[in-house]
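One-letter residues, chain by chain:
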Amino acid sequence: MKVFDDFFSFLLLMISLSACGAFFAGCGAAGDVQLFFAEGLHPPRLEHIAIVSANRIELQCDCMLDSADVFLDPPIEIASQGINDTSAWFELSENSQPGTEYIASILLKSDKGHSSHLLQRLYGFNGNPASLIFNEIIVRGSGNNPDCIELLVKESGNLGGLAWYLGTSEVFDTYYLFPAVDVVAGDYITLHVRNEGLETEVNELNEDLSASGGLLCSSNSRDLWLPESTGLPSNNGVMTLYQQAGSPPMDAFLYSDRFSDSDTTYSGFGTAGMLAWILDAEAQEAWVFTEDHIRPEDCVSPEGSTGTRSINRSVPPVESRTRDDWHIVPTSGATIGAENSMDVYEP
């Protein structure tokens, strides 16, 4: 989001009030600041906005609204709109496309006369979203077996608007927004995160599951490609899946080769970035942990995994959201695009 001139003016005013309190004990600056928020003397703050049906947007603010406008890119005209106290609705002249990303320019004005201008991503409404889980993962890929993610369709539906994050929806390095494709329970989807830049590396968006070429492609799996070849962290990482924007995680995969005593600064996770992922995964209840916080020991250990010794979910899938759901298969046991092996690697 981005808040423009009125909000910066407000910040300057708050600084002035705070300075007044610092130099003149009797001016009551703290009380003035509280009054500004209590009386709604601040620009409207957007609490929530979403495309809630094929042709309707709804938003919620923290104060009474005098006016509200939304402009979409790609453009869809607003056919009608209305305000109900702190909320607003907008009927679109045509249906949004499932999973399509729209940039919404939002203009809000409170009943006190204060305004704000924000930018927000919205996603086309999907009335029949599929449900996915992580199924097989290569995080220490090499050569002909690069980093790769296999997903299993748990419930039939459409992929439009579903999202994968390296991190979480709030703290991430990269993400992938799935295209609007119908899938059936039991289908495999391979999300390729390390490509070679070949013309044959194409997204399979119809019934032809042999259309894509490239490493680890399979005619038994729907091959989809991350636009940028980012790969995956080899030793410590968080991945999450979401059915729609603002929803809780459908599934998560947390892995680490570290221990609680590996460092004291980052709770054993080694970096501020990894700890931020962990803390948000914890806040979103994406993972089950044994103590009062997630420890490296609660995560899946990637030690021993390679490009052919992938990290596999149990068969049939176990979904406890703990490290116990996962195991590393023996050398050459990776089965991207096919049923997982239950054989376990023994060092």
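Before any of the text, the structure's been laid out above.
Cut-offs used in this document
Residues numbered from 1 in each chain as written. Predicted model: local features only at pLDDT ≥ 70, side-chain atom pairs only at ≥ 80, totals over all residues. Heavy atoms only, no water. Helix = DSSP H or I, 4+ residues; strand = E, 2+ residues; numbered from the N terminus. Buried < 20%, exposed > 50% of the residue type's maximum accessible area, 1.4 Å probe, protein only. Contact = heavy atoms within 4.5 Å. Areas by Shrake-Rupley, 256 points an atom, 1.4 Å probe, with all protein chains shown as cover. Pairing = 2+ DSSP bridges. Axes fitted to C-alpha atoms, helices over the stretch in contact; angles between N-to-C directions. Salt bridge = Lys/Arg side-chain N within 4 Å of Asp/Glu carboxyl O. 1 Å grid on protein atoms, 1.4 Å probe; cavity = no way out; pocket = protein on both sides within 12 Å on 5 of 7 lines; lining within 4 Å. Points joined across faces, edges and corners; volume = space filled by probe spheres on them. Nonpolar A, V, L, I, M, F, W, Y, C, P; charged D, E, K, R; others polar. Core = buried A, V, L, I, M, F, W, Y, C linked by side-chain atoms within 4.5 Å. Expected span 1.5 Å × (residues − 1). Phe/Tyr/Trp six-rings, centres within 6.5 Å; stacked < 30°, edge-to-face > 60°. Lys NZ or Arg CZ within 6 Å of the ring centre and 35° of its normal.

J.: Is there a simple way to think about the overall build of the chain in this case?
T.: When helices and strands are tallied, the chain shows three helices and 19 strands. Within the chain, the proportion of its 347 residues that are buried is 44%. For the chain, the share of sequence-separated contacts (at least 6 apart) that also reach a separation of at least 24 residues comes to 60%. Accessible surface computed for the chain: about 16,400 Å², of which carbon and sulfur atoms make up 50%.

J.: So what exactly am I meant to see when it comes to the sheet that holds strand S6 (residues 101-110) here?
T.: In sheet architecture, strand pairing relies on hydrogen bonds along the backbone and comes in two forms, parallel and antiparallel. Here we have three strands laid out as an open sheet, ordered S3-S6-S7, and antiparallel in their pairing. Sheet topology places strand S3 (65-73) and strand S7 (115-123) at the edges, where each strand pairs with a single neighbour. Across this sheet, the average inter-strand angle for adjacent strands is 20 degrees, counted without regard to direction. The sheet contact formed by S6 and S7 spans nine bridges and is antiparallel. For lysine 109, the partnering residue across the bridge sits in S7 and is serine 115.

J.: Explain the pairing of strand S17 (residues 249-256) to me, please; I cannot follow it from the model alone.
T.: In the case of a regular strand, side chains alternate between the two sheet surfaces. Across the eight residues of S17, eight count as buried, placing the element largely inside the fold. Pairing geometry for strand S16 (residues 236-242) and S17, over seven bridges, is antiparallel. Bridged to glycine 237 within S17 is tyrosine 255. Between S16 and the antiparallel strand that follows it, S17, lie six residues; glycine 246 among them carries a positive phi value of about 85 degrees.

J.: How should the pattern of salt bridges be read in this particular structure?
T.: Pairing is possible between side chains of opposite charge, provided their charged atoms come close. All chains considered together, the criterion is met by 13 salt bridges. In this structure, glutamate 303 engages arginine 140 in a salt bridge whose closest nitrogen and oxygen atoms are separated by 2.7 Å. Of this pair, glutamate 303 sits in the loop between helix H3 (272-283) and strand S18 (311-313) while arginine 140 is found in the loop between strand S8 (131-138) and strand S9 (148-155), placing the two residues 163 residues apart along the sequence. With a shortest N-O distance of 2.8 Å, arginine 313 and aspartate 251 are connected by a salt bridge. Residue arginine 313 is located in strand S18, and its partner aspartate 251 is located in strand S17; the two are separated by 62 residues in the primary sequence. When sorted by exposure, arginine 313 lands in the same class as aspartate 251, which is buried. One connected set of salt bridges, linked through shared partners, spans Glu291, Arg295, Glu297 and Asp298.

J.: Explain the layout of surface pockets to me, please; I cannot follow it from the model alone.
T.: Think of a ball as big as a water molecule: rolled over the atoms, this probe shows where empty space is left. What the largest pocket holds in volume is close to 890 Å³. What lines the largest pocket is a set of 35 residues, among which Gln120, Arg121, Tyr123, Ala245 and Gly246 lie closest to the centre. Per element, the largest residue contribution to the lining of the largest pocket is six residues, and it comes from strand S1 (residues 46-53). For the lining of the largest pocket, the per-class residue count stands at 20 nonpolar, 12 polar and three charged.

J.: How should the pairing of S6 be read in this particular structure?
T.: Here eight bridges tie S3 to S6, and the two strands are oriented antiparallel to one another. Pairing of valine 70 across the sheet is with isoleucine 106, part of S6. Here S6 hands over to S7 after four residues, with glycine 113 in that stretch at a positive phi of 95 degrees.

J.: Would you mind going over the nonpolar core with me for this structure?
T.: Grouped together as the largest cluster of nonpolar side chains are 44 residues, with contacts concentrated most on Leu132, Phe134, Ile149, Trp164, Phe178, Leu232 and Met239. Sequence-distant contacts of phenylalanine 134, that is, excluding residues within four places in its chain, are made with Ile149, Glu150, Leu151, Trp164, Met239, Thr240, Leu241, Asp251, Ala252, Phe253, Arg313 and Trp326.

J.: I would appreciate a short explanation of the environment of threonine 335 in the present structure.
T.: Among the structural elements, threonine 335 can be located in the segment after strand S19 (326-328). Ignoring anything within four residues of it in the chain, the contact list for threonine 335 reads Glu136, Glu150, Ser310, Asn312, Asn340 and Ser341.

J.: I tried to follow H3 on my own but got confused; where do I start?
T.: Given 3.6 residues per turn, any residue in an α-helix points the same way as the ones three and four places further on. Its 12 residues place the ends of H3 16 Å apart at the C-alpha level, agreeing with the 16 Å of an ideal helix rising 1.5 Å per residue. Listing the buried residues of H3 in full gives Met274, Leu275, Trp277, Ile278, Asp280 and Ala281. Considering only its buried residues, H3 is in contact with strand S11 (163-167), strand S12 (172-177), S16 and S17.

J.: Help me out: how do you make sense of the packing of aromatic side chains in this one?
T.: Each aromatic ring pair is summarised here by two numbers: the centre-to-centre distance and the angle between the ring planes. Tallying each qualifying case throughout the model produces seven aromatic pairs. A ring pair is formed by phenylalanine 253 and tryptophan 326, whose centres lie 4.8 Å apart and whose planes are at 65 degrees; its orientation type is edge-to-face. Pair noted here: phenylalanine 253 is in strand S17 and tryptophan 326 is in strand S19, with a separation of 73 residues, a long-range link. Put simply, the rings of Tyr165, Phe172, Tyr175 and Tyr242 pair up and form one aromatic cluster. The ring of tyrosine 345 has arginine 309 sitting right over it, with the charged end atom 4.2 Å from the ring centre.

J.: Mind showing me how you'd approach the environment of isoleucine 83 here?
T.: Along the chain, the position of isoleucine 83 falls in strand S4 (residues 78-84). Taking the C-alpha atoms as reference, isoleucine 83 lies 7.5 Å from alanine 68; in sequence the two are 15 residues apart. Excluding residues within four positions of it along the chain, isoleucine 83 makes contact with Leu65, Asp66, Ser67, Ala68, Ala88 and Trp89.

J.: Looking at this structure, I do not really get the sheet that holds S17. What am I missing?
T.: Strand order in the open sheet made by the four strands is S12-S11-S16-S17, with antiparallel pairing throughout. This sheet does not close on itself; its edge strands, each paired only once, are S12 and S17. For this sheet the average axis-to-axis angle between neighbouring strands, irrespective of direction, equals 15 degrees. Note: S11 against S12, five bridges, orientation antiparallel. Counterpart to tryptophan 164 in the pairing with S12 is tyrosine 176. On top of the sheet, H3 reaches S11, S12, S16 and S17; it is set at about 40 degrees to S16, its chief contact.

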